[in-house]
Amino acid sequence: MKKTLHTITIICLFILTSPRLGQTQTQDKLLFHCPPLPQSTTPPTPRAHSMADSLAKEALIPLDVETEARIAKVNSRSRQSTKADSARVRAFFELLGSVHGSLHRYAGIPVQDKLAKALADLQQALVLNPDLIAALHSIALIAARGGHDYTYAEALYLRALQIEPANAIIHFDYAELLTYQGKFEAAFRYAETAMALADQPSKDIYQWRIMRMHYMAKNYDWVINQCDQHIEKTDQEDFWNNGWPAYYYKGLALAEQEKYDQALEAELLTYAFLSTDGFNLASSARAYAMAGDTAVGKRVLAAVLEPDFEWMPYEIATAYEALGDFDNTFLWLNIAADEGDEWLRWLKLDPRWKRIRNDPRFKKVQERAGG
C-alpha cells in the first residue's frame with residue numbers, strides 16, 4: 001500500500017520549505033507541496049461555469065446503491081465538467097474523488113484498483129489546486145487508515161492546518177492519527193481544539209471518538225466519568241440518535257477495571273437502545289462472557305451470526321476472545337482484515353487483545369492491519 005501511495009503521488013513531493021509560506025517549518029516537519037496551477041490563456045466563459053456547476057449538481061445526487069453504471073456516469077459527467085472549466089476544482093474533486101463511494105470509507109477498502117483510481121483523481125485535484133483542503137484531507141485518511149503510512153499522513157495534515165488553521169475535522173483526524181502512534185497528550189490537545197472549533201452536529205460525533213481515544217489510552221476513570229455526565233444530562237429519547245455509545249464505552253472501561261457485573265449492566269442498556277444492531281449485540285455477548293455467564297454469551301453471539309444482523313467482524317472477534325475461543329477470534333479478525341474493518345486500526349492499542357498479543361496469529365493479523 002505504501003508503494004502504491006507514493007507511486008500515485010508522482011507530482012507532489014515532501015520538502016522542507018514551501019515558496020508559498022516563505023519559511024522553514026518548525027521541528028523538522030515536512031511539507032506537502034505541489035506545483036501551482038498554470039495560468040490559463042483562455043479564461044472560462046460564464047457558460048462553462050454554468051455547465052460545470054450543473055453537471056456537478058446532477059452527478060452528486062446520492063443514490064442508495066452505487067452501481068458500475070453510476071460510477072461510469074459520474075466519471076463521464078465530471079470529466080465533461082472539468083473540461084468545460086478546469087478551474088472548477090470542486091467539481092473535479094467532489095465527483096472524481098468520490099466516484100467509488102465515500103472517501104472516508106476508502107480507509108478500509110480492500111480493492112486496490114479502486115483505491116488507486118481514487119488517489120489518482122485526488123492527486124489531479126491537487127495539481128489543479130495545491131491548497132485544496134478536501135483533497136489533502138482525503139489522501140491523509142487513505143494514507144493513515146488504508147496504507148498505515150503515518151509519516152506521510154502527518155505531513156498532509158500539517159500542510160492542511162497551515163492553510164486552514166481553524167478546520168475542526170482536520171484537527172480531529174490528526175488527533176486520531178497521533179493516537180494510533182501512542183502520542184496521547186498531543187492527540188488530546190488537537191481533539192480539544194477540534195471540539196472548540198466544531199459545530200454542534202460534529203461535536204456529537206467527535207465526543208464518542210474521543211471516548212475511544214481515551215479508552216485506548218487506558219484512561220478508564222475519565223471515560224466512565226464522561227459517560228456518566230452524558231447519561232445524566234441527555235433525554236432518554238435522544239439516546240436513540242447519539243446517546244447509546246455512553247453505555248458502550250462505559251461498559252468497556254468498567255470491564256478493564258474488572259467490574260464485570262457493572263460492565264454487563266451498561267452493555268445491556270446499550271443493546272436496549274439498539275436491539276437490532278449486530279455491533280451492540282456482539283458487545284453484549286462479550287459482556288456476558290466477561291461476567292462469567294458463558295452459556296448466555298454463546299447464545300447471544302449465535303444470534304449475532306443470524307442473517308438478520310449486519311456482521312461486525314471486529315466486535316464479534318472480541319466476543320470470541322472473551323469466551324476463550326481463540327481459533328474463532330482469529331478467524332473473525334482475519335475476516336475484519338479482509339473487509340477493511342475500520343476498528344482494525346486500533347488493534348495495536350485495544351486492551352481487549354491483551355491475552356492474545358503474544359500469539360503468533362495475532363502478529364500476523366497486526367501485520368495485515370499495518371501495525
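Owing to the predicted nature of the structure, the values given are computational and were not obtained by experimental measurement.

Digging into the overall build of the protein
Scanning the protein from N- to C-terminus turns up 18 helices and four strands. In the protein, which comprises 371 residues, the share counted as buried stands at 50%. Here the analysis covers contacts within the protein between residues at least 6 apart in sequence; of these, 58% occur between residues at least 24 apart. Of the roughly 18,000 Å² that the protein leaves accessible, carbon and sulfur atoms contribute 53%.

Observations concerning the packing of aromatic side chains
Summed over the entire model, instances satisfying the criterion amount to 12 aromatic pairs. Summarising the aromatic geometry, the rings of Y314 and W353 are spaced 5.4 Å apart at their centres and angled 85 degrees between planes, so their arrangement reads as edge-to-face. One end of the pair, Y314, is in helix 16 (residues 313-322); the other, W353, is in the loop between helix 17 (326-339) and helix 18 (360-368), and 39 residues separate them in sequence. Through pairs of rings, three or more aromatic residues link up here, namely Y248, Y249, F279, Y314, W343 and W353. Seen from the ring of W343, R212 lies directly overhead, with NZ or CZ sitting 4.7 Å from the centre.

Re unusual backbone geometry
Not every positive phi belongs to a glycine, and K218 is a case in point at roughly 65 degrees. Within the chain, E258 stands out as a residue other than glycine whose phi angle is a positive 65 degrees. Relative to the elements of secondary structure, E258 occurs in the loop between helix 12 (245-256) and helix 13 (260-273). Owing to a relative accessible area of 59%, E258 belongs among the exposed residues under this scheme.

Some remarks on the packing of helix 17 against helix 18
Running from N to C, helix 17 and helix 18 point in directions that differ by 10 degrees, and their axes come no closer than 10 Å. The angle between helix 17 and helix 18 places the two elements in the roughly parallel class. Of the residues in helix 18, those in contact with F326, D327, F330, L333, N334, A337 and D338 of helix 17 are R361, F362, V365 and R368.

Digging into the pattern of salt bridges
Pairing of side chains with opposite charge becomes possible as their charged atoms draw close. Applying the stated criterion to the full structure yields 15 salt bridges. Taking the shortest distance from any N to any O, the salt bridge between D359 and R361 comes out at 3.0 Å. A single salt-bridge network, built from bridges that share partners, covers D173, E176, R209, R212, E342 and R345.

What about helix 8 (residues 168-180)?
Across its 13 residues, helix 8 extends 19 Å between first and last C-alpha, which sits within 8% of the 18 Å expected from 1.5 Å per residue. When you tally the buried positions in helix 8, you get 12 out of 13 residues, the bulk of the element. Three or more residues of helix 8 are buried, namely A168, I170, H171, F172, D173, Y174, A175, E176, L177, L178, T179 and Y180. Backbone nitrogen of I169 and a side-chain oxygen of the N-cap are separated by 3.2 Å at the start of helix 8; the cap is N167.

Some thoughts on the nonpolar core
Residues M213, Y249, L333, L344 and L347 are the most contacted members of the largest nonpolar core, which totals 92 residues. Here this core gets nine residues from one element, more than from any other, and that element is helix 6 (residues 133-146). Residues within four places of Y249 in sequence aside, it is in contact with W208, M211, R212, V223, C227 and W343.

Describing the packing of helix 16 against helix 17
Relative to each other, helix 16 and helix 17 sit at 170 degrees, their axes nearing to 8 Å. The angle between the axes of helix 16 and helix 17 places the two elements in the roughly antiparallel class. Between helix 16 and helix 17, the residues in contact are P313, Y314, I316, A317, Y320 and E321 and F326, N328, T329, W332, L333, I335, A336 and E339, respectively. Classifying every residue of the contact of helix 16 with helix 17 gives 10 nonpolar, two polar and two charged.

Here's the deal with the environment of M195
Locating M195 in the fold gives a position in helix 9 (residues 184-197). Along the backbone, M195 and A168 are 27 residues apart, and their C-alpha atoms lie at a distance of 7.2 Å. Setting aside anything within four residues of it in sequence, one finds M195 in contact with K203, Y206, Q207 and I210.

Concerning the side chain of S283
Along the chain, the position of S283 falls in helix 14 (residues 278-290). Among the polar contacts listed, one links the side chain of S283 to the side chain of E267, at a separation of 3.3 Å. The residues touching S283, leaving out its near neighbours within four places in the chain, are Y248, E267 and E315.

Some remarks on the confidence of the model for the protein
In low-pLDDT segments, the atomic positions of the prediction should not be examined closely. The pLDDT averaged across the protein works out to 74; a share of 60% of its residues lies at or above 70. Within the model, pLDDT remains below 50 along residues 1-44, and this stretch shows 85 contacts once partners closer than five positions in the same chain are excluded. In the predicted structure, residues 94-111 sits below a pLDDT of 50 and forms 52 contacts with residues beyond four places in sequence or in another chain.

A short note on the environment of K354
As for its placement among the helices and strands, K354 is situated in the loop between helix 17 and helix 18. For the pair K354 and E321, spaced 33 residues apart in sequence, the C-alpha to C-alpha distance is 9.9 Å. Within the structure, K354 has its side chain in polar contact with the side chain of E256 (distance 2.8 Å).

Examining the side chain of T318
With respect to the secondary-structure elements, T318 resides in helix 16. Reaching out from T318, the side chain makes a polar contact with the backbone oxygen of E315 at a distance of 2.6 Å. Filtering out sequence-adjacent residues up to four positions away, T318 remains in contact with R286, R352 and W353.

Criteria and thresholds
- Residues numbered from 1 in each chain as written.
- Predicted model: local features only at pLDDT ≥ 70, side-chain atom pairs only at ≥ 80, totals over all residues.
- Heavy atoms only, no water.
- Helix = DSSP H or I, 4+ residues; strand = E, 2+ residues; numbered from the N terminus.
- Buried < 20%, exposed > 50% of the residue type's maximum accessible area, 1.4 Å probe, protein only.
- Contact = heavy atoms within 4.5 Å.
- Areas by Shrake-Rupley, 256 points an atom, 1.4 Å probe, with all protein chains shown as cover.
- Phe/Tyr/Trp six-rings, centres within 6.5 Å; stacked < 30°, edge-to-face > 60°.
- Lys NZ or Arg CZ within 6 Å of the ring centre and 35° of its normal.
- Axes fitted to C-alpha atoms, helices over the stretch in contact; angles between N-to-C directions.
- Parallel < 35°, antiparallel > 145°, perpendicular 65-115°, else oblique.
- Salt bridge = Lys/Arg side-chain N within 4 Å of Asp/Glu carboxyl O.
- Expected span 1.5 Å × (residues − 1).
- Polar contact = N/O pair within 3.5 Å; in protein donor to acceptor, adjacent residues only side chain to side chain.
- Core = buried A, V, L, I, M, F, W, Y, C linked by side-chain atoms within 4.5 Å.
- Nonpolar A, V, L, I, M, F, W, Y, C, P; charged D, E, K, R; others polar.
- pLDDT = per-residue confidence, 0-100.

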